[in-house]
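Survey of secondary and tertiary structure
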Amino acid sequence: MPKINYDELSFDDEDELKFPRDAVQDFDRVVERAVSRRGFLGGALAFGSGAAVMGAGLLNGSSAMAAQVSRFAFEQLAPQTDGTVHVPNGYNWDVLVRWGDPLFSDAPAFDPATGIPTAGSDRVFGENTDGMELFHQRGTELLVVNSEYVNGKINLPAEQEGQPASADDVTRLQNFQGVTVMEVAESDEGWDVVVDSPYTRRIHHRTPMAIDGPAAGHDLMKTAADPTGTQSLGTFNNCGSGRTPWGTYLTCEENFNGYFGTTEELSLDEVHAAGFKRYGVSTDVDPGRYNYHGYDARFDISKNPNEPHRAGYIVEIDPWNPDATPVKHTALGRFKHENAAYALAPDGRVVVYMGDDERGEYMYKWVSRDIYVPGGDTSTLLSEGQLHVAKFNDDGTGIWIGLTREDTGMTEAEIAIFTRMAGTAVSATTMDRPEWIAVNPTAVEAYCCLTNNSRRGALDDSGEIRTNAAGEPMVPNAPNPREVNRYGQIVRWRPHNDDHAASTFDWDLYVMAGNPDVYTDGLYAGTANINAGNMFNSPDGMQIDSTGLIWIQTDGDDDNEGDFLGMGNNQMLAGDPVTGEIRRFLTGPNGSEVTGLTWSADRRTMFVGIQHPGGSFPDGEGSLPRSSIVVVKRDDNALVG
Ligand code: FEO
Ligand code: CA
Ligand code: CA
C-alpha cells in the first residue's frame with residue numbers, strides 16, 4: 001500500500017481505505033432503492049404541504065418567516081475565506097486559550113516553531129479542541145473541554161512526517177489528547193485561564209478509568225494488566241460532549257479504532273475478527289495514523305486483543321473533584337460516539353440521545369432504570385437502563401427499538417460491547433453520519449446533525465450500491481434522502497406524549513443544506529430555509545441555547561468552489577426552530593472546523609472551539625497553527641444565549 005498521508009485523510013476516509021465496503025450483488029436491492037426514491041418524493045411533497053407532518057413545513061417555510069419578527073439579535077455575516085475568525089457587527093471575539101498554553105506555572109513554554117516537548121506535555125492545554133461544557137458553583141466557573149486528536153506533523157519533528165519514532169513521541173501525543181478541566185475567569189482585561197487552579201486537571205490516554213455497566217468484568221474486557229475487566233487506562237478520541245443534570249461532564253469516545261494496530265500477523269477467533277471489522281480496528285501490520293502499537297504494547301492487538309473493547313464509550317467525569325476516577329459507562333453502548341444529549345422524562349428517568357458517526361451507522365437513545373432526584377444518589381444512574389436504536393419510517397413516524405436479549409439474540413454484555421451488531425439485528429435505520437444531537441430546552445423535541453454521506457446511494461464500478469460496515473446497502477431513505485449526500489441535513493423529532501422516554505416519535509427534516517446557486521432545483525438545492533446568503537455544508541456541532549435558538553457548527557468542505565461555491569470557511573449559524581430561518585453568525589479561519597460551544601454562567605459570553613486551523617492561526621506568520629477556544633461577546637455586553 002502506498003504511504004498514507006493521515007493529515008490529509010478524514011477518519012471516515014481512513015476507514016474506507018482500510019475496510020473497503022463490499023458492493024451488494026443482489027438485484028432485488030437495486031429495485032428496492034428505486035422504490036425507496038419514489039417513496040421519498042411523495043413524502044417530500046407531503047412535508048412541503050405543511051402542517052400535516054409536524055407544524056412548520058419546511059418547503060413552505062419562507063412564508064412563515066416573513067410573517068414573524070426575527071428572533072436574531074444580529075445581521076447575517078457574509079461568507080469568509082481568510083485565515084481568521086469573523087463575527088457580526090456589534091460583536092467581538094478574542095482568544096481564550098490555545099493548544100500548548102500553560103495550565104500550571106511549571107509548564108514548558110510553547111515554541112512557535114516546534115510546539116511543546118514531551119516533558120510537561122500534560123501540563124498544557126491539549127490539541128484539537130472539541131466538545132465543551134461550563135460548570136459553575138459559588139462564583140467559580142470550570143470549563144471542561146475535549147482534545148479530540150493530534151496532528152502528528154505539528155507535534156513531532158518534521159523529518160518524521162507525523163510518525164512517532166520512540167515511546168517518548170507516543171507519550172507526547174497521548175498527553176495532548178483527552179480532556180482538560182480548567183478554571184476560567186473574566187476581568188477587565190477579558191477572559192483568562194486560571195493557572196494553577198486547584199480544579200485544573202488533564203485527563204489523557206494513560207489516566208486510570210473505572211468501567212461499569214453490563215460489560216464490566218466480562219471476559220472480552222479482561223487484559224493481562226487488568227484481569228478483572230473493570231479498570232482501564234485512558235479515554236480516546238474525545239469528540240462531542242454532554243452533561244448530566246447532577247453536574248458531571250460526559251466525554252464521548254469517537255474514532256477510538258485508529259489508536260490500535262498490530263505488530264504481527266494475526267490469527268483471530270470469530271468474535272474478535274468480526275468486532276474489529278465492524279469497528280474498523282486495523283488488522284494489517286502497518287503503523288497506521290498514530291503507531292502507538294509500535295511503542296506501547298497495550299495498543300498492539302496481537303498482544304492485547306481485548307484492549308479495543310475498552311474504548312468507544314461515554315465517560316463521566318466529576319469536574320469538581322480532580323481526584324475522582326472517570327467512569328466508562330458501558331450501558332450506553334460502544335460505538336463511535338459523537339456526543340451525549342440528555343433530557344429528563346416526565347417521571348424523572350434520564351434520557352441520553354447519542355449518534356454513531358460513521359457512514360450508514362445508527363442513532364441511539366438510552367433511558368435510565370432509576371429516576372433522578374435532585375440531591376439524591378446519582379452514582380449509578382448511568383449504570384442501569386435500556387439502550388434503544390432509531391428506526392425512521394417513511395411516513396414521518398419513528399420507533400426506538402429496545403436492544404434487548406430477546407430481540408438481538410445477544411447478552412447484555414455483548415450488546416454493550418458490540419452495540420453496532422445489536423442495532424443491525426433489529427434493522428435500525430442507516431443514517432448519514434449522525435453527529436451532534438441537541439435537546440431543545442424550550443420544547444419537547446431534539447435535533448441531530450447528519451453531516452454528509454458520500455456513499456449513500458452511490459454505485460461502485462460494477463453498478464452496485466455501496467454498503468455500510470454491516471454490509472447493509474445504503475439506499476436513500478426518508479431522513480437520508482439524497483444520493484451522494486455532500487451537504488448534510490438536520491433531522492428533528494418530537495417524542496409522543498411529550499415524553500423523551502416514549503418509544504415512538506414524529507420526525508421531519510429541519511433543514512437540508514444545499515447550494516441553490518449551483519442547483520436551481522432538486523434535492524441538492526436544499527430546503528426553502530437555505531438561500532444564497534446562508535449556505536453551508538456538513539452540519540456537525542450543535543447546541544440549543546436557553547432561549548431555544550439552535551446553534552449549528554460545520555465541519556465540511558471549505559474550498560469555496562464548485563458545489564461549495566458561496567459557502568466559504570467552516571462556520572457557526574443560528575437557526576430559529578419555529579420559522580426555520582437560519583443565519584450565519586461566525587466564520588472560522590480557513591482549514592478549521594468550528595466545533596464546541598458553551599456559555600458563561602451569566603450568558604454574556606459564548607465559548608467557541610476552533611479545531612485544526614490552517615495557516616498560522618491565531619499567532620500569525622511563523623507560528624504553528626494552534627487549535628483554540630475563542631470567546632465571543634456583544635459590544636454592549638448583553639446576553640448571547
Ligand atoms: Fe469528532 Fe464526528 O466528529
Ligand atoms: Ca464532530
Ligand atoms: Ca465531522
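An account of the accompanying structure is given in this report. (Residues numbered from 1 in each chain as written. Chains lettered and ligands numbered in written order. Predicted model: local features only at pLDDT ≥ 70, side-chain atom pairs only at ≥ 80, totals over all residues. Heavy atoms only, no water.)

**Structural notes on the coordination of the calcium ion (ligand 2)**
Each donor-metal-donor angle in an ideal tetrahedron of four donors is 109.5 degrees, and each such angle in an ideal octahedron of six donors is either 90 or 180 degrees. To keep it simple, the criterion reads: Listed donors are limited to N, O and S atoms within 2.8 Å of the metal, widened to 3.2 Å for Na, K and Ca; water is not among them, so incomplete-looking sites are possible. Helix and strand assignments come from DSSP, with helices taken as H or I runs of at least 4 residues and strands as E runs of at least 2, each series counted from the N terminus.
Surrounding the calcium ion (ligand 2) are the protein donor atoms Glu-338 (OE), Glu-435 (OE), Asp-540 (OD) and Asp-540 (OD), which sit 2.3 to 2.9 Å from the metal. The sequence pattern describing where the donors of the calcium ion (ligand 2) fall on their chain is E-x96-E-x104-D. Metal-to-metal, the separation of the calcium ion (ligand 2) and the calcium ion (ligand 3) is 4.0 Å; Glu-435 coordinates the two. With Glu-338 in the loop between strand S12 (327-329) and strand S13 (341-344) and Glu-435 in strand S18 (residues 434-439), this residue pair connects regions lying 97 residues apart in the sequence.

**Some points on the coordination of the calcium ion (ligand 3)**
The cut-off we apply is this: Each residue gets one of three labels from its accessible area relative to the maximum for its type: buried under 20%, exposed over 50%, partly exposed in between, using a 1.4 Å probe on protein chains only.
Coordination of the calcium ion (ligand 3) by the protein comes from Glu-435 (OE), Asp-540 (OD) and Asp-555 (OD), over a distance range of 2.3 to 2.4 Å. Motif for the calcium ion (ligand 3), donor spacing along one chain: E-x104-D-x14-D. A relative accessible area of 3% means that Asp-540 is categorised as buried. In this structure Asp-555 comes out as partly exposed when scored by relative accessible area, which is 25%.

**Quick word on the pairing of strand S17 (residues 397-402)**
For clarity, the threshold we go by: By definition, two strands form a pair when at least two bridges between them are found by DSSP.
Where strand S16 (residues 385-392) lies against S17, 5 bridges are found, and the strand directions are antiparallel. Across the sheet, the residue bridging to Lys-391 is Ile-399, located in S17. With antiparallel pairing between neighbouring strands as the criterion, S16 and S17 make up a hairpin whose turn holds 4 residues, including Gly-396 at a positive phi of roughly 90°. Pairing of S17 with strand S21 (residues 504-512), which is carried by 3 bridges, proceeds in the antiparallel orientation. Bridging across to S21, Gly-398 finds its partner in Phe-505.

**Some remarks on the environment of Glu-414**
Relative to the helices and strands, Glu-414 resides in helix H8 (residues 412-417). Residue classification places Glu-414 among the partly exposed residues on the basis of a relative accessible area of 28%. Along the primary structure Glu-414 and Pro-214 are separated by 200 residues, whereas in three dimensions their C-alpha atoms are 8.4 Å apart.

**Regarding the sheet that holds strand S26 (residues 593-599)**
Two orientations exist for strands paired in a sheet by backbone hydrogen bonds: parallel and antiparallel. For clarity, the cut-off: To obtain an axis, a line is fitted to C-alpha atoms, over the contacting stretch when the element is a helix, and the angle between two such axes runs from 0 to 180 degrees between their N-to-C directions.
One open sheet holds the 4 strands; their spatial order is S1-S28-S27-S26, and the pairing between them is antiparallel. In this open sheet, the two strands that pair with only one neighbour each are strand S1 (91-98) and S26. Within this sheet the neighbouring strands show an average axis-to-axis angle of 25°, counted without direction. In terms of strand pairing, S1 meets strand S28 (residues 628-634) through 7 bridges, oriented antiparallel.

**Points about the pattern of salt bridges**
Keep this limit in mind: One side-chain nitrogen of Lys or Arg within 4 Å of one carboxyl oxygen of Asp or Glu is enough to make a salt bridge.
Following the criterion strictly, the structure yields 39 salt bridges and no others. Between Glu-358 and Lys-336 there is a salt bridge, and its shortest N-O distance comes to 2.9 Å. Taken together, the residues span a long stretch of sequence, with Glu-358 in the loop between strand S14 (349-355) and strand S15 (363-371) and Lys-336 in the loop between S12 and S13 at a distance of 22 residues. Judged by its relative accessible area of 3%, Glu-358 is buried. Classification of Lys-336 by relative accessible area gives buried; the value is 0%. One salt-bridge network, held together by shared partners, links Asp-12, Asp-13, Glu-16, Asp-357, Arg-359, Arg-433, Glu-435, Arg-455 and Arg-466.

**Considering the packing of aromatic side chains**
Which entries qualify depends on this criterion: Two aromatic rings, drawn from Phe, Tyr or Trp (for Trp, its six-membered ring), form a pair once their centres lie within 6.5 Å of each other, and the interplanar angle then sorts them: stacked below 30 degrees, edge-to-face above 60, tilted otherwise. Two thresholds decide whether a charge sits over a ring: the Lys NZ or Arg CZ must be within 6 Å of the ring centre and within 35 degrees of the ring normal.
Counted under the stated rule, the structure contains 36 aromatic pairs. Between the aromatic rings of Phe-74 and Tyr-91, the centroid separation amounts to 6.4 Å while the plane-to-plane angle is 90°, which identifies the pairing as edge-to-face. With Phe-74 in the loop between helix H3 (61-67) and S1 and Tyr-91 in strand S1, this pair connects stretches of sequence that are 17 residues apart. In this structure Phe-74 comes out as buried when scored by relative accessible area, which is 6%. Taken together through their ring pairs, the aromatic side chains of Phe-236, Tyr-259, Phe-260, Tyr-290, Tyr-292 and Phe-299 make up a single cluster. We note Arg-243 situated over the ring of Phe-135; from NZ or CZ to the ring centre the distance is 4.4 Å. Here the guanidinium or amino end of Arg-289 rests over the ring plane of Phe-11, the centre of that ring lying 4.2 Å away.

**Details of a negative patch on the surface**
Note the following rule: Surface patches are defined over residues having more than 30% relative accessible area and no salt bridge, joining like charges when they lie within 9 Å and nonpolar side chains (Val, Leu, Ile, Met, Phe, Trp, Tyr) when within 5 Å. Using the Shrake-Rupley algorithm and a 1.4 Å probe, accessible areas are obtained, with residue cover drawn only from the displayed protein chains. Charge counting follows a simple rule: Lys and Arg are positive, Asp and Glu are negative, and His as well as the terminal groups are ignored. Taken as the charge centre is NZ of Lys, CZ of Arg, CG of Asp or CD of Glu, depending on the residue.
There is a patch of like negative charges on the surface, built from Asp-94, Asp-188, Glu-189 and Asp-192. Inspection of the secondary structure assignment puts Asp-94 in strand S1. Since its relative accessible area comes to 43%, Asp-94 is described here as partly exposed.

**Side note on unusual backbone geometry**
A cis amide bond links Phe-617 with the next residue in sequence, Pro-618, at an omega value of -5°. Its place among the elements puts Pro-618 in the loop between strand S27 (606-611) and S28. Phi is positive for Asn-291, which is not a glycine, with a value near 50°. Mapped onto the secondary structure, Asn-291 falls in the loop between helix H6 (270-279) and strand S11 (314-317). The residue Asp-498 is not glycine, and still its phi comes out positive at about 50°. Mapped onto the elements of the fold, Asp-498 is located in the loop between strand S20 (489-495) and S21.

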